[in-house]
Amino acid sequence: HRSTVCDDISCGGKIWDDVQWGAASKTLAFVSTSRDHKQEWFRVADAASGNVRTVFTETAPKFFESGNGKANWKYLPDSNEFLWFSERSNWGQMYLYDLTTGKLKNQVTHGDGNVTQVLRVDEKARTIYFVGVGKEPGRDPYFEHYYSVRFDGSDQKLLTPENADHDIAPSADGRYFVDVYSTPTQPQTAVVRDSSGRL
């Protein structure tokens, strides 16, 4: 096992990256990465038997990295799906796959710019909350902004409208998030918003 965001099992030292348990700890999803970070295997293990099934594989021509400091994929056994990050369009986007067949259902995020971190997935509402860069025309492409988008790719919304770099911390239940934003010439401002972006 090698992470999609570093060369080790644990990149931050406190969590085991690229490993997610299913309900009641019956299954374990994990991603294996080749030594050169060009080949990825998304696999699901049965915790009782130890049987491992390869669901999906992706090859990157240069280097695969699923996110900036955080693995950007999500195991969704309750809906028989998984979310996957890929740069196949030359931008880092999210895609929804069938867990049984490994077949693509649809692209979730669109347009210019990269998804850098998926911070929350609301499975009931079928909504993803993510940090992105380079998605706002005319703004510094390194400024991070926070977005929501439906699993089917519809209704992508900018939740942090200020033309600044945003540091986001969602609440545990996802109803709110702290947004600390600034620019090189503007000091930090900290606000609390609800999940729709309302101040």
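Definitions and limits used
Throughout this document, residue positions are counted from 1 along each chain, in the order its sequence is written. Selection of residues for local features in this predicted model requires a pLDDT of at least 70, selection of side-chain atom pairs for listing and counting requires 80 or more, and totals for whole chains, interfaces and linings are taken over all residues. For the side-chain quantities, the full set of heavy atoms in the structure was used; hydrogens and water were omitted. Runs of H or I in DSSP of at least four residues are treated as helices and runs of E of at least two as strands, each being numbered from the N terminus. This radius of gyration counts C-alpha atoms alone. The globule rule is 2.2 Å times how many residues there are, raised to the power 0.38. Exposure categories follow from relative accessible area, calculated using a 1.4 Å probe and restricted to protein chains: below 20% of the type maximum is buried, above 50% is exposed, and the middle band is partly exposed. Residue contacts follow a heavy-atom distance rule, with two residues in contact if any of their heavy atoms lie within 4.5 Å. For two strands to pair, DSSP has to find at least two bridges joining them. Every axis corresponds to a line fitted to the C-alpha atoms, with the helix fit spanning only the stretch in contact, and the corresponding angles, defined between N-to-C directions, vary from 0 to 180 degrees. For this analysis, a salt bridge means a side-chain nitrogen from Lys or Arg found within 4 Å of a carboxyl oxygen belonging to Asp or Glu.

Would you take a moment to explain the overall build of the protein chain for this structure?
Across its full length, the protein chain holds zero helices and 15 strands. Here the C-alpha atoms of the protein chain give a radius of gyration of 17 Å, agreeing with the 16 Å that 2.2 N^0.38 yields for 199 residues. Based on the C-alpha atoms only, the size of the protein chain along its principal axes is roughly 55 × 35 × 35 Å. Sorting the 199 residues of the protein chain into buried and exposed places 45% on the buried side. Expressed as a percentage of contacts within the protein chain between residues at least 6 apart in sequence, the contacts between residues at least 24 apart total 32%.

I keep staring at the sheet that holds strand S13 (residues 165–170) and nothing clicks. Help me out?
Within a sheet, adjacent strands bond to each other through the backbone by hydrogen bonds, running parallel or antiparallel. One open sheet holds the three strands; their spatial order is S13-S14-S15, and the pairing between them is antiparallel. Edge positions in the sheet fall to S13 and strand S15 (186–194), since each of these pairs with one other strand and no more. Sheet twist, expressed as the average angle between the axes of neighbouring strands with direction ignored, equals 20°.

I keep staring at the environment of Phe 30 and nothing clicks. Help me out?
Counting through the fold element by element, Phe 30 comes out in strand S2 (residues 27–33). A relative accessible area of 17% means that Phe 30 is categorised as buried. The spatial distance from the C-alpha of Phe 30 to the C-alpha of Leu 119 is 18 Å, given a sequence separation of 89 residues.

Can you help me understand the sheet that holds strand S10 (residues 127–133) in this one?
Strand order in the open sheet formed by four strands is S9-S10-S11-S12, with antiparallel pairing between adjacent strands. The open sheet has two edge strands with one neighbour each: strand S9 (114–122) and strand S12 (157–158). In this sheet, strand S11 (residues 144–150) lies alongside S10 in antiparallel orientation, the contact comprising seven bridges. Bridging from a neighbouring strand, Tyr 129 pairs with Ser 148 of S11.

Would you explain the pattern of salt bridges in this entry?
When the charged atoms of two side chains with opposite charge come close together, those side chains can pair. One pass over the structure, following the stated rule, counts eight salt bridges. A salt bridge links Glu 162 to Arg 193, with the shortest nitrogen-to-oxygen separation between them at 2.7 Å. With Glu 162 in the loop between S12 and S13 and Arg 193 in strand S15, the pair connects residues that are 31 residues apart, well separated along the chain. The exposure class assigned to Glu 162 is partly exposed, which follows from its relative accessible area of 23%.

Honestly, the pairing of strand S6 (residues 81–86) in this entry has me stumped. Any pointers?
Side-chain direction in a regular strand flips from residue to residue, so the side chains alternate between the two faces of the sheet. Judged by how many residues are buried, S6 sits mostly within the fold: six of six residues are covered. Side-chain alternation along S6 places Glu 81, Leu 83 and Phe 85 on one buried face and Phe 82, Trp 84 and Ser 86 on a second face that is also buried. Where strand S5 (residues 74–76) meets S6, three bridges bridge the pair, whose relative direction is antiparallel. Among the inter-strand pairings, Leu 76 is bridged to a residue of S6, identified as Glu 81. Counted between consecutive antiparallel strands, the loop separating S6 from strand S7 (residues 93–98) contains six residues, among which Asn 90 sits at a positive phi close to 75°.

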